[in-house]
Amino acid sequence: MTDTGDTRNATDHGRAWAELVATARRTVADGLVVGTSGNVSVRVRDGGSGEDLILVTPSGVPYDRLGPDDLVAVGLDGTRRAGTLTPTSELPLHLALHRNTRARAVVHTHAVHATAVSTLVPELPPVHYMAAALGGTVRVAPYATYGTEELAENMLAALTGRTACLLQNHGTVTYGDSLAQAYDRTAQLEWMCRLWLTAHSVPGLRPSLLSEEQMAEAARKLDGYGQQP
């Protein structure tokens, strides 16, 4: 991070880091990750240089041990800009999203039900209309070793037109305009995966699935959902 002496700049980054840490801790509290698995990032503007920085969780550090002085920041080229801790091993995944999409925040988890679904089907069947809130039927990115460019490329392909995908035999990735939105999309995805697994497990019965027309109608209604400005 550029040393500008700008207190406001440092304060803004500190707030963003605190929100990132809180989000990472929430993934543990809500059972979406175990130990130090999963990772979170958020994009911020450095007031001194005008450069966009990526604040990201460090590798192998329990989230409950992270404090204000543990901030880790890299540039879009992956070069360290602040902090002494090593960034997450999934840095290529986060950088790919921040470079190639409108993502301002990214959440990656090893959620149990979502990971289970990723081992069974090439995409999550449209069992609930909330899939429309993620852009449509959620795809599964083919397996690749964690932390590799291959995984990042597979993920980007699966995310075409979507804000969430499953990583085969691995977990979930979602992004959004904020950490809150990215996290909410992760929670919704895990819930839908749990729903499908539950319905799919009933002997002798098959869950009903939504048609493309039904999904499109849900997408239109969701576009105006909630409090509008």
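Before any of the text, the structure's been laid out above.
The rules we used
Here, residues in each chain are numbered from 1, in the same order as that chain's written sequence. Two thresholds apply to this predicted model, a pLDDT of at least 70 for residue-level local features and 80 or more for giving and counting side-chain atom pairs, whereas whole-chain, interface and lining totals are computed over all residues. Side-chain measures were taken over the full set of non-hydrogen atoms in the model, leaving aside hydrogen atoms and water. By definition, any uninterrupted DSSP run of H or I lasting at least four residues is a helix, any uninterrupted run of E lasting at least two residues is a strand, and each is numbered from the N terminus. Relative accessibility thresholds used throughout: buried, under 20% of the residue-type maximum; exposed, over 50%; partly exposed, between the two (1.4 Å probe, protein chains only). When DSSP finds two or more bridges between two strands, those strands count as paired. We call two residues in contact whenever any of their non-hydrogen atoms come within 4.5 Å of each other. Helix axes are fitted only over the stretch in contact, all axes being lines through C-alpha atoms; the angle between N-to-C directions runs from 0 to 180 degrees.

Here's the deal with unusual backbone geometry
Then, number 1: The phi angle at Asn169 is positive, at roughly 55°, despite the residue not being glycine.
Then, number 2: The residue Asn169 is located in the loop between β7 (164–167) and β8 (171–176) in this model.
Then, number 3: Take Asn169: its relative accessible area is 47%, and that puts it in the partly exposed class.

Side note on helix α2 (residues 91–100)
An α-helix turns once every 3.6 residues. As a result, residues three or four positions apart point the same way.
Then, number 1: α2 sits mainly inside the fold: eight of its 10 residues count as buried.
Then, number 2: Three or more residues of α2 are buried, namely Leu91, Pro92, Leu93, His94, Leu95, Ala96, Leu97 and His98.

As for the sheet that holds strand β4 (residues 80–82)
Then, number 1: Taken in spatial order, the eight strands of this open sheet run β4-β3-β2-β1-β5-β8-β7-β6, and their pairing is mixed. Both outer strands of the open sheet, β4 and β6 (140–141), are each paired with one neighbouring strand and no more.
Then, number 2: Two strands pair when backbone bridges link them, and strand β3 (residues 73–75) and β4 are joined in this way by two bridges, in the antiparallel orientation. Across the sheet, Val74 pairs through a bridge with Arg80, a residue of β4.
Then, number 3: Packed on one face of the sheet, helix α5 (residues 179–200) meets β1 (39–45), β5 (105–109), β7 and β8 and runs near 145° to β8.

Some points on the pairing of β1
Each regular strand displays side chains that alternate between the two surfaces of the sheet.
Then, number 1: The element β1 is extensively covered by neighbouring structure, given that six of its seven residues are classed as buried.
Then, number 2: Bridge analysis of β1 against β5 gives four bridges, and the strand direction is antiparallel. Looking across to β5, one finds that Val42 is bridged to Ala105.
Then, number 3: Across five bridges, β1 lies against strand β2 (residues 52–56) in antiparallel orientation. Within β2, the residue paired with Val42 across the bridge is Leu55.
Then, number 4: Counting the residues that bridge the hairpin from β1 to β2 gives six residues, and of these Gly50 lies at a positive phi of roughly 80°.

Things to note about the pairing of β8
Then, number 1: Across the six residues of β8, six count as buried, placing the element largely inside the fold.
Then, number 2: Summarising the sheet, β5 and β8 pair through five bridges and their orientation is antiparallel. The partner of Val106 across the bridge, within β8, is Tyr175.
Then, number 3: The sheet contact formed by β7 and β8 spans four bridges and is antiparallel. Among the inter-strand pairings, Cys165 is bridged to a residue of β8, identified as Val173.
Then, number 4: In this antiparallel pair of consecutive strands, β7 and β8, the connection spans three residues, and Asn169 shows a positive phi of 55°.

Read these as geometric descriptors, not functional statements.
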